Protein chains: 2
Amino acid sequence: MFIADVLGGYDVYGGPKNLTPAIKSGAQWPVNEPLAMVSAMAAATESLGFGITISSSYEQPYHLARRMSTVDHLSGGRVGWNVVTGYLDSAARNLTNGASQAEHDERYAMCEEYMEVVYKLWNSSWRSDAVKLDRKAGIYTDPTLVREINHEGKYFNVPGPHFCQPSPQRTPVIMQAGTSRAGKAFAAKHAEGIFVSAHSPAAVAKSIADIRDQAVKLGRDASNIKFLAKFCPILGRTQEEAEEKYADYVQYGDYEGALALFGGWTGVDMAPYKDDEELRYVDSNAIKSYIEGLIKVAPDVNGGKWTKKTLAEHIMVGGLGATCVGTPDVVADEMERWVREGDVDGFNIAYAIMPATFQDTIELLVPELQRRGIFWDDFHVPGGTYRENLFELKGQHEPLLGHPAERMIWRAPKEEAGGTSANGTNGYTNGYHHEEEDESLDPMSMQLS
Amino acid sequence: MFIADVLGGYDVYGGPKNLTPAIKSGAQWPVNEPLAMVSAMAAATESLGFGITISSSYEQPYHLARRMSTVDHLSGGRVGWNVVTGYLDSAARNLTNGASQAEHDERYAMCEEYMEVVYKLWNSSWRSDAVKLDRKAGIYTDPTLVREINHEGKYFNVPGPHFCQPSPQRTPVIMQAGTSRAGKAFAAKHAEGIFVSAHSPAAVAKSIADIRDQAVKLGRDASNIKFLAKFCPILGRTQEEAEEKYADYVQYGDYEGALALFGGWTGVDMAPYKDDEELRYVDSNAIKSYIEGLIKVAPDVNGGKWTKKTLAEHIMVGGLGATCVGTPDVVADEMERWVREGDVDGFNIAYAIMPATFQDTIELLVPELQRRGIFWDDFHVPGGTYRENLFELKGQHEPLLGHPAERMIWRAPKEEAGGTSANGTNGYTNGYHHEEEDESLDPMSMQLS
């Protein structure tokens, strides 16, 4: 279960600072704090992993590290962290005492050091066997196996030690969604799961290949990053039934709310344009190039004609990602095409209406995928950690070999890590390993950052 | 259920910066983040209120306001906030990039403004009837009933609006425990529940009377503050059985861990002294005056003789508050004495061992209290909010009349508040009301701040 988050409202449409359409329609407004919900949902489930969006820009790393370790303990190791740096001025105004947000690349530089701090707290502060729980000897933790991290950097000074004992995964599954150049470099280094959102696999294939290439250059296995495409299935037992559902669902969307979402995501205000104006011909280069990109990668959608109205309609039914309307056979074919042409590893199922989209997925789509042998019959490790299930590797609770957090794990001498002999000071006493960023990547065209 | 919290380890004993005894014994180490647990516990209970300790010193008020509103929603209005400013250098070092913590009175000044910000977010940003959930008209929230708070102060600039719709209590039950002069002034103004911890009711009677007096001067009803005394009952069917349990329980405590706790609470390092040295004669004025205070208010405890060993023993069985060993009759008499002589309203039951202390309380003590007619047979409002149950007032979800948060509630015109006619701009457009602090209070002698 992936829970998006923002820290402020979408106020671009009809703005600036116009929250009215978002507030009225409930378009990402209000938004409760998602991590608070995980302990209750974890108590009611056994194998479900939770990917929670949290910004690294507005909370001290020592504090966030503790919140995540706590929830990893409470959930039995089923928490993931979708790392964002925040992109809304409305959030920055409320969380930095009125200042504007830092520049995009500066935010990523801060985030890079932030990751270093939390990795150290999670992995390098307690040796894996530090907790003894020896009642007879009166030892909860062997104090010689807990140490300060003494991080001193450009943005953060954090001596530690970490305040939580090692949780099942130590490091939550690291997820990412931004696909700017800085975002892709960050993803190649840190991400274990990456959310992509586009109208066709062609729109993501290049950036997926780019990120996998860059990860390999950093010493990671290309298959150790799982790409998950946003995908909204509108299912029917017949094509007609599916298309009727789509036509029905559109009426429940809110036109201005959809455009408020678009404004928040892209920074582009659609208010000046007419409902049926063809957007590729309007007087905004940002909109023109956006629409031209859409047509290029998905020429069939809307017959290549995009108006404010058709754009809003797409947002209403499944958001800006792929929406597929059809029988289980048609939808399964499309998913296979995404895997084949886009090299995605899986899907983030979006909904048009709740809970019908998920009910249809379970009742109609999953049996077809199972019949084709491309969907498991159960979680790989029932009751296992999120990472075990994501990578289909029993016992793989911590990040895989080559991940920067893996090198920082302070293990007991006898333990082995992912096929390599590790020792008690592995990674840590050698200092945190800074990789050089490869700046030669092509900029992404279609993905929102 | 009250959950204490700290943000760093107790490193005074044998220190400075010596975490070894705390880590080894598990004395408030490790400590997971308490708010993360509430949603799971709320899902498993119906009427239990949760008092969660969170520091106002290390988290932006916009962020904390959102976390608390979320949990108030998830729990059906059963969350309380024990406001602390933090008192450990070990926490400040990790959360302010290496800087030491602010001075005590400066922390309270910051906290005062912090409360103003969160009260505005919780109460003044959304009118109580803003959320319409009108599916036919397509209105989630009436946007004219949500507004910015535009707080600009010495420490914080927060425009708002609040990102959560009004939760059942809006403002969580405000709790407090510090009893320094600044702490008492804060409590008189803000606290609805106050935790006191002492060896005898005489030790708290004066400060309880002081705080109630000060609250009345601020326009609050003296009975609108509930004082809860820390109280550890060691119960037996006979006096001998109870005393045997006490003697048995002491062995499970950790001597050095207890002294680590004492060092963290008081800042006093007991390491230099011998186990059986009488502490009233040692060469530390801080310790001498602490022990003399103990003897003055509780001359019977230990026959007036306090050594490092007897002090540690008291901490091991029930902490530094009252510990009462006896039959249900003896313990109930002692509780009645606390109410009579100390003017406390209730108790915060501490445990010596878990879960036996609570089992004995339920099986032996509660029936005796019920027989005397001083314990209810059930919660006043089954399934109600924390505030409804704390004040025994059905429908009282928000702070009572006279509380600074109450004056800031933006109510629908037709609503009435606690007997007075309120209007839509009550409290808010007149600006937040700053009370002058009364600096004429006597300093507390016995309470830890």
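Going by the structure above, here's the rest.
The structure contained in this document is the topic of the report that follows.

Rules used throughout
Residues numbered from 1 in each chain as written. Chains lettered and ligands numbered in written order. Predicted model: local features only at pLDDT ≥ 70, side-chain atom pairs only at ≥ 80, totals over all residues. Heavy atoms only, no water. Helix = DSSP H or I, 4+ residues; strand = E, 2+ residues; numbered from the N terminus. Expected span 1.5 Å × (residues − 1). Buried < 20%, exposed > 50% of the residue type's maximum accessible area, 1.4 Å probe, protein only. Arc of directions from axis to C-beta. Contact = heavy atoms within 4.5 Å. Polar contact = N/O pair within 3.5 Å; in protein donor to acceptor, adjacent residues only side chain to side chain. Least-squares fit on C-alpha atoms with pLDDT ≥ 70 in both. Axes fitted to C-alpha atoms, helices over the stretch in contact; angles between N-to-C directions. Parallel < 35°, antiparallel > 145°, perpendicular 65-115°, else oblique. Left-handed = near helix turned anticlockwise from the far one by under 90°. Nonpolar A, V, L, I, M, F, W, Y, C, P; charged D, E, K, R; others polar. Buried area = accessible area lost by both parts, 1.4 Å probe. Salt bridge = Lys/Arg side-chain N within 4 Å of Asp/Glu carboxyl O.

Residue and element names in this part refer to chain B. Counted at 1.5 Å a residue, the expected span for helix α8 (residues 239-250) with its 12 residues is 16 Å, and the 17 Å between its end C-alpha atoms agrees. Within α8 the residues assigned to the buried category are Ala242, Lys245, Tyr246, Tyr249 and Val250. Axial view of α8: buried residues confined to an arc of 130 degrees, hence all on one face. Those residues of α8 that are exposed and aimed more than 90 degrees away from the buried face are Glu240, Glu244 and Ala247. Buried residues in α8 make contact with β10 (226-235), α11 (308-316), β11 (322-326) and α13 (356-371).

Here the focus is the side chain of A:Ser90. Residues and elements named next belong to chain A. By the element assignment, serine 90 lies in helix α4 (residues 89-95). Taking the relative accessible area as the measure of exposure, serine 90 reaches 8% and is therefore buried. Reaching out from serine 90, the side chain makes a polar contact with the backbone oxygen of glycine 9 at a distance of 2.9 Å. Leaving out residues up to four positions away in the same chain, serine 90 has contacts with Gly8, Gly9 and Asp11.

Let us look at the relation of the copies chain B and chain A. The transformation that overlays chain B on chain A combines an axial shift of 0.0 Å with a rotation of 180 degrees, and the residual RMSD is 0.0 Å. The transformation just described matches what one would write down for a two-fold rotation axis. Across chain B, the smallest distance between a C-alpha and the rotation axis is recorded for B:Ala40, namely 1.9 Å. An overlap of 100% is found between the interface residues of chain B and their copies at the interface of chain A, pointing to a shared contact surface.

To continue, consider the packing of helix α2 (residues 35-43) of chain A against helix α2 (residues 35-43) of chain B. The interhelical angle for the contact between α2(A) and α2(B), taken along N-to-C directions, is 40 degrees, at an axis separation of 7 Å. Between α2(A) and α2(B), the angle is such that the two are oblique. As for the relative orientation of α2(A) and α2(B), their crossing is right-handed in sense. Seen from α2(A), the contacting residues are A:Ala36, A:Met37, A:Ser39 and A:Ala40; seen from α2(B), they are B:Ala36, B:Met37, B:Ser39 and B:Ala40. When its residues are assigned to classes, the contact of α2(A) with α2(B) shows six nonpolar, two polar and no charged.

Much of the literature gives interface size as the accessible area that the parts lose upon coming together. Taken together, the contact pairs 56 residues of chain B with 56 residues of chain A. Where chain B abuts chain A, roughly 4,900 Å² becomes buried across the two surfaces, and 60% of that area is made up of carbon and sulfur atoms. For B:Asp5, the salt bridge goes to A:Arg66, with nearest N and O atoms at 2.4 Å. Across the contact surface, chain B and chain A share 23 residue pairs in polar contact (both at pLDDT 80 or more). Top element by residues in the side of chain B that touches chain A is helix α3 (residues 61-74) of chain B. It accounts for eight residues. The residue inventory of the side of chain B that touches chain A, partitioned by class, reads 27 nonpolar, 21 polar and eight charged.

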